[in-house]
Amino acid sequence: MKQTTNTDLNVRTNAVAEFAVEETGWRFDNSYARLPEPFYVRIAPVPVNAPRLVILNQALAKSLGLNFNILSGEDAAQLFAGNVLPQTAEPIAQAYAGHQFGSFTMLGDGRAILMGEHLTPSGGRLDVQFKGSGQTPFSRRGDGRAALGPMLREYIISEAMHALGIPSTRSLAVVTTGETVLRETPLPGAILTRVAASHIRVGTFEYAARLKDGMYVKTLSDYAIQRHYPELFETTNPYLALLQRVIDQQASLVARWLLVGFIHGVMNTDNMAISGETIDYGPCAFMDEYDPYTVFSSIDYQGRYGYHNQSRAAQWNLARFAETLLPLLDPVQEKALALAEEAVHAFSDIFQQYWLAGMRKKLGLLTEEAEDTELIEALLMCMHKHRADYTNTFRALTAEPLPGDDLFQDSAFAAWHTQWQARLARQSESKTSAYSVMRVHNPAILPRNHRVEAALTAASEHNDYKEMQRLLEVVTDPYADTPEYRKYRTPPSAAERVQQTFCGT
Ligand code: AMP
Ligand code: MG
């Protein structure tokens with residue numbers, strides 16, 4: 001066990017059961033910290049005054065081979081505050097850059113510290129990162145801290161995404177720091193412990209490309225391939241293969257977001273992970289009423305990252321990624337450019353294929369017909385016209401008779417429904433099996449904004465975590481359609497509707 005610097009704190013942390021912290025099962029092997037210096041700065045979390053553990057993901061801990069039950073609540077709080085670190089941790093702040101709403105900026109972990117890479121019992125290697133752990137050389141004018149609300153928000157949404165089968169970083173724990181952070185108002189401070197396949201971002205490549213002669217792009221590419229896609233070393237052009245794979249992963253990811261009505265909200269290049277996981281949950285949200293132009297983020301004035309713009313935004317980011325790889329794609333500049341352009345151009349079709357395959361499942365279409373896209377779009381148009389609830393509509397389609405919603409009374413919908421039923425009848429599978437496919441591809445429950453806000457308010461303002469615990473229980477079981485979950489399936493009333501979400505940085 002290592003203690004972080006603050007002397008006052010050492011007095012307190014000496015009381016931590018040293019043996020216990022080492023016995024929780026951490027197995028660190030920190031490959032990123034073995035990369036050359038410009039990729040990170042070695043720095044420990046800044047200790048906090050009075051950490052208190054408010055939530056711990058026991059199921060995730062177990063799957064990682066970690067047992068925190070041997071720690072007292074106080075010791076666990078010290079650990080997840082970063083006040084004490086396991087001996088084998090090697091804390092660093094990672095350097096990166098990024099295009100934020102189109103403008104390039106040098107960034108880096110301004111309020112996060114990578115504790116190390118934990119080797120899991122199943123042979124995985126996962127980053128363990130503290131978010132909200134104090135200032136670093138990359139903090140610019142920021143305080144390096146995070147408020148409780150946004151950390152709990154990331155916890156809920158990332159765990160819901162995982163339960164939906166959508167690649168995502170995970171949330172292991174949240175502690176409150178006992179300190180106040182100043183945003184528009186004073187707020188309780190908190191630290192989230194996040195677990196990720198890695199934190200290599202498109203922005204990490206943009207950073208590397210701007211270092212000495214771009215020589216570090218190869219270092220980073222080799223590292224990323226080794227870590228995420230080692231089989232690509234067997235291909236004739238591993239760097240082109242890396243570009244194509246990342247494009248494929250992002251196309252798949254963004255298609256999955258759209259299929260569940262998710263809006264990330266800040267798809268800057270620094271928030272796009274090479275691993276293909278959803279990362280950096282800020283003002284993200286699931287839409288209730290279907291409207292492709294939906295934007296929740298208070299800072300997204302132009303709707304750049306609105307619901308239906310997300311595939312375009314992803315492709316734009318991937319073009320920035322491709323640019324960083326140019327020198328590695330081919331020694332002849334024109335050839336490199338042609339390869340990059342072709343790969344980035346292919347994104348649209350790949351995305352469309354993933355989206356269509358997902359939509360077919362949502363509608364129980366188990367075969368492929370050329371007119372499927374039209375059929376799907378006709379339904380979406382009807383849904384938009386009636387501002388139908390995105391989640392509940394797909395779920396309701398398997399009900400016979402259909403519920404009494406406005407949408408289902410519309411003659412345009414009736415015509416669509418007849419077409420859809422005829423389409424189902426043309427496939428050899430029974431309607432019963434089509435409907436069962438629909439029920440496992442259309443979630444019944446998502447973390448709806450008004451429920452998330454209610455849980456965060458209770459936790460943040462009244463120190464009451466009951467609603468948060470309940471919400472987590474429900475959203476991590478998204479296909480369950482049980483009567484006691486009804487409250488979580490009900491769309492917000494006009495008064496409950498959340499119009500805007502905030503990143504809270
Ligand atoms: P995010 O919006 O969380 O993706 O953060 C964008 C950039 O701003 C990253 O480089 C963060 O490290 C940095 N940042 C965000 N909030 C803070 C903060 N309170 N203090 C220092 N840096 C921050
Ligand atoms: Mg970020």
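Going along each chain's sequence as written, the residues are numbered from 1 onward. Each chain takes a letter, starting from A, and each ligand takes a number, starting from 1, following the order in which they are written. It should be noted that, the model being predicted, local features are given only for residues of pLDDT at least 70 and side-chain atom pairs only at 80 or more, the latter also being counted only at that level, while totals for whole chains, interfaces and linings use all residues. Only hydrogens and water are removed before side-chain values are computed, so all heavy atoms of the structure are retained for them.

## Remarks on the overall build of the chain
Next, step 1: The secondary structure content of the chain amounts to 19 helices and 14 strands.
Next, step 2: Radius of gyration here is computed from C-alpha atoms only, and the compact-globule reference equals 2.2 Å multiplied by the residue count raised to the power 0.38. Expected size for 505 residues packed as a compact globule is a radius of gyration near 23 Å; at 24 Å, the chain falls within 12% of this value.
Next, step 3: Its C-alpha atoms put the chain at 75 × 60 × 40 Å along the principal axes.
Next, step 4: Residues classed as buried in the chain amount to 57% of the 505 residues present.
Next, step 5: In the chain, of all internal contacts separated by at least 6 residues, the share reaching a separation of at least 24 is 71%.
Next, step 6: Per-residue and other accessible areas follow the Shrake-Rupley method at a 1.4 Å probe size, with only the shown protein chains counted as cover for residues. For the chain, the accessible surface area stands at approximately 20800 Å², while carbon and sulfur atoms represent 52% of it.
Next, step 7: Distance between charge centres in the chain, computed from 46 positive and 57 negative side chains, equals 2 Å. Runs of E in the DSSP output that reach at least two residues are strands. Runs of H or I that reach at least four are helices, and both are numbered from the N terminus. Three exposure classes are used, based on accessible area relative to the maximum for each residue type with a 1.4 Å probe and protein chains only: buried under 20%, partly exposed in between, and exposed over 50%. Any two residues whose heavy atoms approach within 4.5 Å are treated as being in contact. In this tally, Asp and Glu contribute negative charge and Lys and Arg positive charge; neither His nor the terminal groups of the chain are included. Just so you know, the charge point we use is NZ for Lys, CZ for Arg, CG for Asp and CD for Glu.

## Regarding the environment of R170
Next, step 1: Structurally, the position occupied by R170 is in strand β11 (residues 170–182).
Next, step 2: Classification of R170 by relative accessible area gives buried; the value is 16%.
Next, step 3: Between the alpha carbons of R170 and S158 there is a distance of 5.8 Å; along the sequence they are 12 residues apart.
Next, step 4: Pairing of N or O atoms within 3.5 Å defines a polar contact, subject to two protein rules: one partner must be a possible hydrogen donor and the other a possible acceptor, and residues neighboring in sequence count only if both atoms are side-chain atoms. Of note is the side chain of R170, whose polar atom sits 2.7 Å from the side chain of E159.

## Regarding the site of ligand 1
Next, step 1: We call a residue near a molecule or strand when any one of its heavy atoms sits within 4 Å of it. Close contacts around ligand 1 come from 17 residues, with G108, G110, R140, D143 and G144 the closest.
Next, step 2: In the environment of ligand 1, a nitrogen atom lies 3.2 Å from a nitrogen or oxygen atom belonging to the backbone of R145.
Next, step 3: Within the side chain of D280, a nitrogen or oxygen atom sits 3.4 Å from an oxygen atom of ligand 1.
Next, step 4: Taken by itself ligand 1 offers 480 Å² of open surface, and the protein chains cover 86% of this.
Next, step 5: Under the scheme applied here, ten amino acids are nonpolar (Ala, Val, Leu, Ile, Met, Phe, Trp, Tyr, Cys and Pro), four are charged (Asp, Glu, Lys and Arg), and all others, including Gly, are polar. Per-class residue counts for the shell around ligand 1 are 2 nonpolar, 8 polar and 7 charged.
Next, step 6: When residues of the shell around ligand 1 are assigned to domains, at least three map to each of domain 1 (2–199) and domain 2 (232–444 + 489–505). Delimitation of the domains relies on an automatic or database domain assignment.

## A word on the pairing of strand β7 (residues 103–106)
Next, step 1: Judged from the 4 bridges that link them, strand β6 (residues 97–100) and β7 form a sheet pairing that is antiparallel. Following the sheet pairing, A97 is matched in β7 by M106.
Next, step 2: Here β6 hands over to β7 after 2 residues, with F101 in that stretch at a positive phi of 45°. Should DSSP find at least two bridges between two strands, the strands are regarded as paired.

## A few points about the packing of helix α12 (residues 372–386) against helix α15 (residues 411–425)
Next, step 1: Only the contacting stretch of a helix is used when fitting its axis, a line to C-alpha atoms as for every element, and angles between N-to-C directions run 0 to 180 degrees. Relative orientation of the contacting elements α12 and α15 amounts to 150°, with a least axis distance of 10 Å. Between α12 and α15, the angle is such that the two are roughly antiparallel. The crossing of α12 and α15 is left-handed. Here D372, L375, A378, L379 and C382 of α12 lie close against α15, whose contacting residues are A412, F413, W416, Q419, W420 and R423.
Next, step 2: Of the residues assigned to the contact of α12 with α15, the class counts are 8 nonpolar, 1 polar and 2 charged. Should an angle fall under 35 degrees it is taken as roughly parallel, and over 145 as roughly antiparallel, whereas 65 to 115 is taken as roughly perpendicular and any remaining angle as oblique. Take the far helix as your reference; a near helix turned counterclockwise from it by less than a right angle gives a left-handed crossing, and one turned clockwise gives a right-handed crossing.

## A closer look at helix α10 (residues 333–345)
An α-helix turns once every 3.6 residues. As a result, residues three or four positions apart point the same way.
Next, step 1: Expected span of a helix, by definition, is 1.5 Å for each gap between consecutive residues, and there is one gap fewer than residues. Along its 13 residues, α10 runs 18 Å from first to last C-alpha, staying within 8% of the 18 Å computed at 1.5 Å per residue.
Next, step 2: Within α10 the residues assigned to the buried category are A336, A340, A343 and V344. Down the axis of α10, the buried set is contained in an arc of 95°. They therefore lie on one face. Exposed and oriented more than 90 degrees from the buried face of α10 are E334, E341, E342 and H345.
Next, step 3: At its buried positions, α10 is contacted by α8 (238–260), α9 (310–329) and α11 (347–362). Throughout, the arc means the angular range of directions from the helix axis out to the C-beta atoms.

## Regarding the domain arrangement of the chain
Next, step 1: Splitting the chain by domain gives domain 1 (2–199) and domain 2 (232–444 + 489–505).
Next, step 2: The gap between the C-alpha centroids of domain 1 and domain 2 is 31 Å.
Next, step 3: Between domain 1 and domain 2, the contact holds 28 residues from the first and 32 residues from the second.
Next, step 4: Simply put, the buried area is the total loss of 1.4 Å probe accessible area from both parts when two parts are fitted together. A combined buried area of about 2400 Å² lies between domain 1 and domain 2, and 60% of that area is made up of carbon and sulfur atoms.

## Observations concerning the confidence of the model for the chain
Should the pLDDT be low somewhere, the predicted coordinates at that spot are not to be read in detail.
Next, step 1: pLDDT expresses, on a scale from 0 to 100, how confident the predictor is about each individual residue. Mean pLDDT for the chain: 95, with 96% of residues reaching 70 or above.
Next, step 2: Here residues 6–15 is a poorly scored stretch, pLDDT under 50, and it has 17 contacts once near neighbours within four places are set aside; other chains count.

## Regarding the side chain of D127
Next, step 1: Secondary-structure assignment places D127 in strand β9 (residues 125–131).
Next, step 2: Only 2.8 Å separates the side chain of D127 from the side chain of H199, close enough to count as a polar contact.
Next, step 3: Once you skip the residues sitting within four places of it in the chain, D127 turns out to touch Q94, L114, G116, E117, R194, V195, A196, S198, H199 and R227.

## A word on the coordination of the magnesium ion (ligand 2)
Next, step 1: Atoms of type N, O and S within 2.8 Å of a metal are treated as its donors, and for Na, K and Ca the window is 3.2 Å; water is not considered, so some sites may appear to be missing partners. Only N271 (OD1) and D280 (OD) from the protein coordinate the magnesium ion (ligand 2), and they sit 2.0 to 2.2 Å from it.
Next, step 2: Residue class for D280 comes out buried when judged on its relative accessible area of 13%.

## Points about the pattern of salt bridges
Next, step 1: For this analysis, a salt bridge means a side-chain nitrogen from Lys or Arg found within 4 Å of a carboxyl oxygen belonging to Asp or Glu. A full pass over the atoms with the stated rule returns 32 salt bridges.
Next, step 2: K385 serves as the salt-bridge partner of D410, at 2.8 Å between the closest nitrogen and oxygen. Highlighted residues: D410 in the loop between α14 (406–409) and α15 and K385 in helix α12, separated in sequence by 25 residues.
Next, step 3: Owing to a relative accessible area of 57%, K385 belongs among the exposed residues under this scheme.

## A short note on the packing of aromatic side chains
Next, step 1: A pair of Phe, Tyr and Trp rings is counted when the ring centres sit within 6.5 Å of each other, with Trp represented by its six-membered ring. The angle between the planes then sorts it: under 30 degrees is stacked, over 60 is edge-to-face, the rest tilted. By the definition in use, this model includes 20 aromatic pairs.
Next, step 2: An angle of 55° between the planes, with centres 6.5 Å apart, marks the rings of Y32 and Y40 as tilted.
Next, step 3: Judged by its relative accessible area of 3%, Y40 falls in the buried class.
Next, step 4: For the pair F205 and F321, a centre-to-centre distance of 4.9 Å together with 85° between the ring planes defines the contact as edge-to-face. Separated by 116 residues along the polypeptide, F205 in helix α6 (residues 202–209) and F321 in helix α9 bring together distant segments of the chain. Here the two residues F205 and F321 agree in accessibility, since each one is buried.
Next, step 5: Each member of the aromatic cluster is reached from another via a ring pair, and the members are Y32, F39, Y40, Y216 and Y223.
Next, step 6: Residue placement shows K362 over the ring face of F394; its charged tip is 4.5 Å from the ring centre. Comment: the charge-over-ring label is applied if NZ (Lys) or CZ (Arg) is within 6 Å of the ring centre and within 35 degrees of the ring normal.

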